[in-house]
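One-letter residues, chain by chain:
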Amino acid sequence: MSSYKIPVIPGDGIGPEVIAEGKKVIEAAGEVYGFDIDWWDLPLGADHYVKTGETVSEETLKELGHYRAIYLGSLGDEHKVKAGILEKGVLLKMRFYFDQYINLRPVKLLEGVETPLKNKTAKDIDFYVVRENTEDFYAGIGGRCTKGLSKQQLKLKREMYSVKFDLDILTDSDEIAYQIGVASREGTRRIIDYAFVLAEKRNKHLSSVDKANVLTDIYGLWREVFTETAKNYPNVKTDFNFVDAVTMWFVKNPEFFDVIVSPNMFGDIITDLGAMIQGGLGLAPGGNINPEGTSMFEPMGGSAPKYKGLNKVNPIATVWAGSLMMEHLGEREAAHAILAAIEKNLAAGKVRTYDLGGTSKTSDVGTDIARIVKEQGRI
Ligand code: IPM
Ligand code: MN
């Protein structure tokens, strides 16, 4: 019998509630497919930060680095900690620290779920967004000039930014802020290559997203690398798309897409739109993947503190993220069985949370999916 030890960060808001259902379903799959899970819960998040002043310690990161997958609920609680601190200090920190350069987000409308797109069905909405996860405007390089800076610092910033102004007459209204997007050739190559491999396994169609008509340096490099990489995959059909146009096609012709590869920030934005067309954030999972290192699986939605403790929100995104995690760990059959059970729960339409028009609780949905996993047996 295989056995896995999996670190879990339930996190803030609804995180613990949805993670509990994810564990329940994975444990049910373990009974059927013959594996055991030893969960290691870590108390990271808002309360931990308030208590200790620490986001996540180097020591914890080092320890987590011994595992292949982390299961994450959700981070952030604006009532307790200023927005941005936990997002940057824990979530982005881990994505960067473990070099999880792939953010894999399936956009798939499951049977029994309604999409807001008129006349579109499950066969029209079924693609993957492969979001780059470590570079671009998330690189964290930026600054603000005038406020709170000494004349010496200002002079440096001025030289760096080539802005001409007289330091002696500067006021607050002269303040500027800048943040720089970064793309490395290797960082671009590895994500595009991953997307080609995925496209080759699916319907052999890969779409690139960028804004190379305006941000010509950063996305000029992106297009160049895409074109070079494409030569290694002659049977994959490709196209370039500007991100603004992609938002139109998601709504008008989602059936056009098979696999999409996107720089980090555009990937962030278009996957929220993707979540909506597949039925909402309650149904959108994601995997932060480093194929050789420590990966992390999470629902795409936030911590929604106002729903905390109400046993109300949809746990399916988290359960589905659990399926992605088990697939990553090599339990392919269990992973497929979990997704099949989610599909059966949705198709039956009886046990569903309020976002899907139902009245069931978070825990009812997890219990129902776990029951189906066991009932369907090995598939
Ligand atoms: C996401 C989130 C994060 C991101 C935030 C919380 C930092 O929106 O996972 O999509 O921007 O990547
Ligand atoms: Mn996002």
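Only a predicted model underlies this, so the values are computations on that prediction, with no experimental measurement involved. (Residues numbered from 1 in each chain as written. Chains lettered and ligands numbered in written order. Predicted model: local features only at pLDDT ≥ 70, side-chain atom pairs only at ≥ 80, totals over all residues. Heavy atoms only, no water.)

Engineer: If you had to explain the overall build of the protein chain to someone new, which residues and values would you point to?
Structural biologist: Helices and strands together make up the secondary structure of the protein chain, namely 12 helices and 12 strands. Taken over the C-alpha trace, the protein chain has a radius of gyration of 22 Å; the compact-globule value for 379 residues is 21 Å, and the two agree within 12%. With respect to the three principal axes, the spread of C-alpha positions in the protein chain is 75 × 55 × 40 Å. Across the 379 residues in the protein chain, those meeting the buried criterion constitute 54%. Sequence separation of at least 24 residues holds for 79% of the intrachain contacts in the protein chain that already meet a minimum separation of 6. As presented, the protein chain carries roughly 17,300 Å² of accessible surface, and 52% of it is formed by carbon and sulfur atoms. Positive and negative side-chain charges of the protein chain, numbering 46 and 53 respectively, have mean locations separated by a distance of 2 Å. (Helix = DSSP H or I, 4+ residues; strand = E, 2+ residues; numbered from the N terminus. Rg over C-alpha atoms; globule rule 2.2 N^0.38 Å. Buried < 20%, exposed > 50% of the residue type's maximum accessible area, 1.4 Å probe, protein only. Contact = heavy atoms within 4.5 Å. Areas by Shrake-Rupley, 256 points an atom, 1.4 Å probe, with all protein chains shown as cover. Lys, Arg positive; Asp, Glu negative; His and termini not counted. Charge placed at Lys NZ, Arg CZ, Asp CG, Glu CD.)

Engineer: Can you tell me about the environment of Ile 260, naming the residues and giving the values?
Structural biologist: Within the element layout of this structure, Ile 260 appears in strand 10 (residues 259–262). Using a relative accessible area of 0% as the deciding quantity, one classes Ile 260 as buried. C-alpha of Ile 260 to C-alpha of Val 197: the two residues are 63 residues apart in sequence and 12 Å apart in space.

Engineer: Residue-level account of the pattern of salt bridges, with values.
Structural biologist: Inspection of the entire model under this criterion finds 21 salt bridges. When the shortest N-O distance is used, the salt bridge between Lys 80 and Asp 47 registers 3.0 Å. Of this pair, Lys 80 sits in the loop between strand 3 (69–74) and helix 4 (85–97) while Asp 47 is found in helix 2 (residues 46–52), placing the two residues 33 residues apart along the sequence. For Asp 47, a relative accessible area of 45% translates into the label partly exposed. Note that Asp 99 and Arg 190 form a salt bridge whose closest N and O atoms lie 2.8 Å from each other. With Asp 99 in the loop between helix 4 and strand 4 (102–108) and Arg 190 in helix 6 (residues 185–201), the pair connects residues that are 91 residues apart, well separated along the chain. Among the ionic contacts, a cluster of salt bridges with common partners joins Lys 108, Asp 126, Arg 202 and Asp 258. (Salt bridge = Lys/Arg side-chain N within 4 Å of Asp/Glu carboxyl O.)

Engineer: Lay out the site of ligand 1 in plain terms, naming residues and giving numbers.
Structural biologist: With respect to spatial proximity, the complete set of residues near ligand 1 consists of Glu 87, Leu 91, Arg 95, Arg 105, Arg 131, Tyr 138 and Asp 268. Arg 131 places a polar side-chain atom, nitrogen or oxygen, 2.8 Å from an oxygen atom of ligand 1. Between ligand 1 and the protein, one listed contact pairs an oxygen atom with a side-chain N or O atom of Tyr 138 at 2.6 Å. Coverage of ligand 1 by the protein amounts to 74% of the 320 Å² it exposes when considered alone. The leading source of residues in the shell around ligand 1 is helix 4, at three residues. (Near = heavy atom within 4 Å. Polar contact = N/O pair within 3.5 Å; in protein donor to acceptor, adjacent residues only side chain to side chain.)

Engineer: Can you explain the packing of helix 6 against helix 7 (residues 218–230)? Please cite residues and give values.
Structural biologist: Running from N to C, helix 6 and helix 7 point in directions that differ by 45°, and their axes come no closer than 9 Å. Judged on the interaxial angle alone, helix 7 and helix 6 are oblique. Note on packing geometry: the crossing formed by helix 6 with helix 7 is right-handed. Listed contacts from helix 7 to Arg 185, Thr 188, Arg 189, Ile 191, Ile 192, Asp 193 and Phe 196 of helix 6 are Leu 221, Trp 222, Glu 224, Val 225, Phe 226, Glu 228, Thr 229 and Ala 230. Across the contact of helix 6 with helix 7, the residue classes tally to eight nonpolar, two polar and five charged. (Axes fitted to C-alpha atoms, helices over the stretch in contact; angles between N-to-C directions. Parallel < 35°, antiparallel > 145°, perpendicular 65-115°, else oblique. Left-handed = near helix turned anticlockwise from the far one by under 90°. Nonpolar A, V, L, I, M, F, W, Y, C, P; charged D, E, K, R; others polar.)

Engineer: Report on the packing of aromatic side chains, specifying residues and quantitative values.
Structural biologist: One pass over the structure, following the stated rule, counts 13 aromatic pairs. A centroid spacing of 6.1 Å and a plane angle of 25° characterise the contact between Trp 39 and Tyr 71, whose relative ring orientation is stacked. Of this pair, Trp 39 sits in strand 2 (residues 35–41) while Tyr 71 sits in strand 3, and the two are 32 residues apart along the sequence. Comparing Trp 39 with Tyr 71 shows no difference in burial state: the two are buried. Centroid distance Phe 250 to Phe 257: 5.4 Å. Interplanar angle 75°. Geometry classified as edge-to-face. Here Phe 257 falls in the buried class, since its relative accessible area comes to 5%. Members of the aromatic cluster, joined through ring pairs, are Phe 127, Phe 250, Phe 256 and Phe 257. (Phe/Tyr/Trp six-rings, centres within 6.5 Å; stacked < 30°, edge-to-face > 60°.)

Engineer: Give a description of the sheet that holds strand 4 that names residues and reports values.
Structural biologist: Taken in spatial order, the 10 strands line up as 2-1-3-12-11-4-5-10-8-9 in an open sheet, and their pairing is mixed. The open sheet terminates on both sides in strands that have one partner only, identified here as strand 2 and strand 9 (237–242). The sheet shows a mean angle of 25° between the axes of neighbouring strands, direction not considered. Inspection of the sheet shows strand 8 (residues 205–210) paired to strand 9 by six bridges, in the parallel sense. (Pairing = 2+ DSSP bridges.)

Engineer: Outline helix 1 (residues 15–33), supporting the account with residue identities and numerical values.
Structural biologist: Taking 1.5 Å per residue, 19 residues should reach 27 Å; helix 1 reaches 26 Å between its end C-alpha atoms and fits that length. Within helix 1, 14 of the 19 residues are buried, which leaves the element mostly enclosed by the surrounding structure. Positive phi shows up at Gly 34, right after helix 1, with a value of about 75°. (Expected span 1.5 Å × (residues − 1).)

Engineer: Run through the pairing of strand 3, naming residues and quoting values.
Structural biologist: Within strand 3, six of the six residues are buried, which leaves the element mostly enclosed by the surrounding structure. Direction of pairing for strand 1 (residues 2–11) relative to strand 3: parallel, over a ladder of three bridges. Note that in strand 3 the partner of Gly 11 across the bridge is Ser 74. Relative to strand 12 (residues 295–299), strand 3 runs parallel, the two sharing three bridges. In the sheet register, Tyr 71 faces strand 12, and the bridge partner there is Phe 297.

Engineer: Kindly report on the side chain of Asn 133, identifying the contributing residues and their values.
Structural biologist: Its location among the elements puts Asn 133 in the loop between strand 5 (126–132) and strand 6 (136–145). Excluding its chain neighbours within four sequence positions, the residues that come into contact with Asn 133 are Arg 95, Phe 96, Gln 100, Tyr 101, Ile 102, Asn 103, Asn 264 and Asn 288.

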